[in-house]
Amino acid sequence: MKSNSENSAVIDRRYNKWLNRFAWLTCVATLLLICSGGMVTSKNVGLAVPDWPTTFGYNMFLFPVSKWVGGILFEHTHRLMGSVVGFLTIILTTSLWLREDRRWVRNLGVIGLVGVILQGFLGGLRVTMMKDEIGIFHACVAQAFLGLLVLIALVTTNFWRAMTAENISAGRTGQSSMFRMALAIAIAIYVQLALGATMRHQHRDLAILDFPTANGAWIPDTSAAALAKVNAWRDARGLSDVTAFQIWLQMAHRFLAVIIAVAVFAFALRARRDSPRFAVLRRLSILWLALVICQIALGAWTIWSNKAADVATAHVALGAVMLSFGVSISAICWRLLAAAPQDAPGGRALPISA
């Protein structure tokens, strides 16, 4: 049997520093692309360029810089950034197939390539078909794509290959519980991002303009009479009318934010108890909690500023970062679960696919 030092040497030889750095670069570029998309939606300039894949009849890459003005600047820049991310994803996928020894990781690269191609077509269809539903789907796929890239970047680190469960206090049952908890929170965050995307694409203005109350009450009145009064008030101020569905959609977004905050807090306590010597997981969970607090503050600021473009975009971006943390923590818990000792006496850890 090989010693730990010999195993470490094998791990070091398999680790490709430049491949991992390129994977993280692609993640950063994708996050910037999501920020760009959020700015386009927040400024309501998604159709500033009415044609696709051309830009006012020009080849996208040859469109004169002198014409990058107003909403065209944001929409055209978003298209160019999407092309950059697509190019980076092609290189990443190719590099994984040439350099990566684990087939499942190479397959993740292929899924990412399919995802970025799908995103390009969805973006184009959003312009040509002018349907909000496509914009919502486009936003949701973007978040899932970022999560996939973060997973690829994580599993190509030397940290991932060297990870063991020797610093985990909980047995396999406890580690399984932590994994399920982290995964459930990550899924809840993704649902929350989908709710936010639906809100942004369904109406130009906020459905509820006050926080923490909702139209002056803790539970909004959405009866026909109350809606008529609210919409009359909004019409007098040049705001778009709202429906009961739009109001309850925003309320669902608020309720889920509270649930996620409580769940992340509980997970951070769990990680502190069951992983006292595993500093990475403990620190990630604390940062995750800090992100939740900042995200709630940004959500409130978005409402108080009447959805100022820069604040709303920061809210979208931080949501993407929160999902990335959820994906990373869930993946780490899964890997530790595979290495955790059986709870039964004499049990052994399961083999891990590095």
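Placed above this text is the structure.
Before going into details, it helps to say that this report is about the structure given with it.

Bringing helix α8 (residues 224-236) into the picture now. Over its 13 residues, α8 runs 18 Å from end to end, which matches the ideal 18 Å to within 8%, given 1.5 Å per residue. Where α8 is concerned, the buried positions are Ala 226, Leu 227, Val 230, Asn 231 and Arg 234. Considered in projection along α8, the buried side chains sweep an arc of 125° and stay on one side of the axis. The exposed set on the far side of α8, more than 90 degrees from its buried face, consists of Ala 224, Ala 225, Lys 229 and Ala 236. Those residues of α8 that are buried lie in contact with α9 (244-274).

This brings us to the packing of helix α2 (residues 17-42) against helix α5 (residues 132-155). In contact at an axis separation of 8 Å, α2 and α5 are set at 160° when each is read in the N-to-C sense. Relative to α5, the element α2 is oriented roughly antiparallel. Regarding α2 and α5, the two cross each other, and that crossing is left-handed. Facing α2, whose interface residues are Asn 20, Ala 23, Trp 24, Thr 26, Cys 27, Thr 30, Leu 31 and Ile 34, α5 presents Ala 142, Gln 143, Phe 145, Leu 146, Leu 149, Val 150, Ala 153 and Leu 154. Partitioned by chemical class, the residues of the contact of α2 with α5 number 12 nonpolar, 4 polar and no charged.

Turning to the packing of aromatic side chains, a few remarks are in order. A complete count under the given rule lists 6 aromatic pairs for this structure. Judged by centre distance (6.1 Å) and plane angle (15°), the rings of Trp 160 and Trp 334 are stacked. Here Trp 160 is found in helix α6 (residues 158-162), whereas its partner Trp 334 is found in helix α11 (residues 309-339), with 174 residues between them in sequence. Under the relative-accessibility criterion, Trp 160 is labelled buried at 0%. What makes Trp 334 partly exposed here is its relative accessible area of 37%. The side chain of Arg 21 reaches across the aromatic face of Trp 18, ending 4.9 Å from its centre.

Moving on: the environment of Asp 51. The residue Asp 51 is located in the loop between α2 and α3 (70-99) in this model. The spatial distance from the C-alpha of Asp 51 to the C-alpha of Leu 125 is 10.0 Å, given a sequence separation of 74 residues. Setting aside chain neighbours within four positions, we find Asp 51 in contact with Phe 56, Gly 57, Arg 79 and Val 127. Of note is the side chain of Asp 51, whose polar atom sits 2.8 Å from the backbone nitrogen of Phe 56.

To continue, consider the side chain of Thr 55. For Thr 55, the position within the fold is in the loop between α2 and α3. Beyond its immediate stretch of four places on either side in the chain, Thr 55 contacts Val 49, Met 60, Phe 63, His 76 and Arg 79.

Right, let's get into the packing of α3 against helix α4 (residues 103-129). For the pair α3 and α4, the least separation of the axes is 9 Å and the interaxial angle reads 160°. The pairing of α3 with α4 is recorded here as roughly antiparallel in orientation. Taken as a pair, α3 and α4 cross one another with a handedness that is left-handed. Mapping the contact onto sequence places Glu 75, Arg 79, Val 85, Gly 86, Thr 89, Ile 90, Thr 93, Leu 96 and Trp 97 in α3 and Arg 103, Val 105, Arg 106, Asn 107, Gly 109, Val 110, Gly 112, Leu 113, Val 116 and Val 127 in α4.

With that out of the way, let us pick up unusual backbone geometry. A cis amide bond links Trp 52 with the next residue in sequence, Pro 53, at an omega value of 5°. By the element assignment, Pro 53 lies in the loop between α2 and α3. A cis amide bond links Phe 211 to the next residue, Pro 212, at an omega of 10°. In this structure, Asn 44 is a non-glycine residue whose phi angle is positive, near 60°. Of note, Asn 44 is situated in the loop between α2 and α3. When its relative accessible area of 56% is taken as the criterion, Asn 44 is described as exposed. Of note in this structure, Phe 56 is not a glycine but carries a positive phi near 55°. Secondary-structure assignment places Phe 56 in the loop between α2 and α3.

The rules behind the values
Residues numbered from 1 in each chain as written. Predicted model: local features only at pLDDT ≥ 70, side-chain atom pairs only at ≥ 80, totals over all residues. Heavy atoms only, no water. Helix = DSSP H or I, 4+ residues; strand = E, 2+ residues; numbered from the N terminus. Expected span 1.5 Å × (residues − 1). Buried < 20%, exposed > 50% of the residue type's maximum accessible area, 1.4 Å probe, protein only. Arc of directions from axis to C-beta. Contact = heavy atoms within 4.5 Å. Axes fitted to C-alpha atoms, helices over the stretch in contact; angles between N-to-C directions. Parallel < 35°, antiparallel > 145°, perpendicular 65-115°, else oblique. Left-handed = near helix turned anticlockwise from the far one by under 90°. Nonpolar A, V, L, I, M, F, W, Y, C, P; charged D, E, K, R; others polar. Phe/Tyr/Trp six-rings, centres within 6.5 Å; stacked < 30°, edge-to-face > 60°. Lys NZ or Arg CZ within 6 Å of the ring centre and 35° of its normal. Polar contact = N/O pair within 3.5 Å; in protein donor to acceptor, adjacent residues only side chain to side chain.

On their own, these measurements won't tell you what the molecule is for.
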